Amino acid sequence: ASYSSPVIVELAGRRQLLLHAAVALEAHDPETGEFLWEFPWSNEYDNNCSQPVVIDAAKGHVVVSSGYGRGAALIEVQ
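Trainee: I keep staring at the environment of tryptophan 37 and nothing clicks. Help me out?
Mentor: For tryptophan 37, the position within the fold is in strand 4 (residues 35-40). Put simply, tryptophan 37 and alanine 24 are 13 residues apart on the chain and 9.9 Å apart in space, counted from C-alpha to C-alpha. Ignoring any residue separated from it by four or fewer positions in sequence, one finds tryptophan 37 in contact with Leu11, Gln16, Leu18, Leu25, Glu26, Ala27, Ile75 and Val77. Polar contacts involving the side chain of tryptophan 37 include one to the side chain of glutamine 16, which spans 2.7 Å.

Pasting the structure below:
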């Protein structure tokens, strides 16, 4: 389960659909649905409500966060 909305972003020169699912942030090709990558991220309840935030698209920097004491992480997509 997830309560965040999918978002289309440009990261590291590639258009991607980000989905913050129950246990990971996932990226897919928005045209084909092809799975591109994932970053394991969740909380003790496996429900993510926050949107991933692109900090620097050219460098592939994205902030992922979650509630319930989980905090946040800055990831780099290459």
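Trainee: Help me out: how do you make sense of the nonpolar core in this one?
Mentor: Nonpolar side chains tend toward joint burial in soluble globular proteins. With twelve residues, the main nonpolar core is built from Val9, Leu11, Leu18, Leu25, Ala27, Trp37, Trp41, Val62, Val64, Ala73, Ile75 and Val77. Those residues in contact with isoleucine 75, other than ones at most four positions away along the chain, are Leu25, Trp37, Phe39, Gly60, His61 and Val62.

Trainee: Honestly, the pattern of salt bridges in this entry has me stumped. Any pointers?
Mentor: Oppositely charged side chains are able to pair whenever their charged atoms sit close together. Taken as a whole, this structure holds two salt bridges when the rule is applied. Across the pair arginine 14 and glutamate 34 runs a salt bridge, and its minimum N-O distance is 3.9 Å. Taken together, the residues span a long stretch of sequence, with arginine 14 in strand 2 (residues 14-20) and glutamate 34 in the loop between strand 3 (24-28) and strand 4 at a distance of 20 residues. Judged by relative accessible area, arginine 14 falls into the partly exposed class, the value being 36%. Taken together, the salt bridges that share partners define one network made up of Arg14, Asp29 and Glu34.

Trainee: I would appreciate a short explanation of the sheet that holds strand 3 in the present structure.
Mentor: Sheet strands pair via backbone hydrogen bonds, and the direction of the pair is either parallel or antiparallel. Reading across the sheet, the four strands line up as 1-2-3-4 and stay open at both edges, with antiparallel pairing between neighbours. Here the strands that pair on one side only, and so sit at the sheet edges, are strand 1 (7-11) and strand 4. For this sheet the average axis-to-axis angle between neighbouring strands, irrespective of direction, equals 30°. Looking at chain direction, strand 3 and strand 4 are connected through five bridges and run antiparallel. Bridge pairing in strand 4 places alanine 27 opposite tryptophan 37.

Analysis parameters
Throughout, residues of each chain are indexed from 1 in the direction in which the sequence is written. Whole-chain, interface and lining totals are the exception, using all residues; otherwise, since this is a predicted model, local features are given only for residues with pLDDT of at least 70 and side-chain atom pairs are given and counted only at 80 or more. Each side-chain value is derived from all of the structure's non-hydrogen atoms; neither hydrogens nor water enter the calculation. Secondary structure is summarised from DSSP: a helix means a run of H or I of at least four residues, a strand means a run of E of at least two, and numbering begins at the N terminus for each. Residue contacts follow a heavy-atom distance rule, with two residues in contact if any of their heavy atoms lie within 4.5 Å. Polar contacts here mean pairs of N or O atoms no more than 3.5 Å apart (in protein, one a potential hydrogen donor and the other a potential acceptor; neighbouring residues in sequence count only if both atoms are side-chain atoms). As used here, the term nonpolar core means buried Ala, Val, Leu, Ile, Met, Phe, Trp, Tyr and Cys residues forming a set that is joined through side-chain atoms within 4.5 Å. Exposure classes here rest on a 1.4 Å probe applied to the protein chains alone. A residue is buried below 20% of its type maximum, exposed above 50%, and partly exposed in between. When a carboxyl oxygen of Asp or Glu is within 4 Å of a side-chain nitrogen of Lys or Arg, the pair counts as a salt bridge. DSSP-based pairing: two strands are paired if at least 2 bridges between them are found. For helices, the axis comes from a line fit to the C-alpha atoms of the stretch in contact; other axes are also lines fit to C-alpha atoms, and the angle between any two N-to-C directions lies between 0 and 180 degrees.

Remember, this is a structural readout, not a statement about activity or role.
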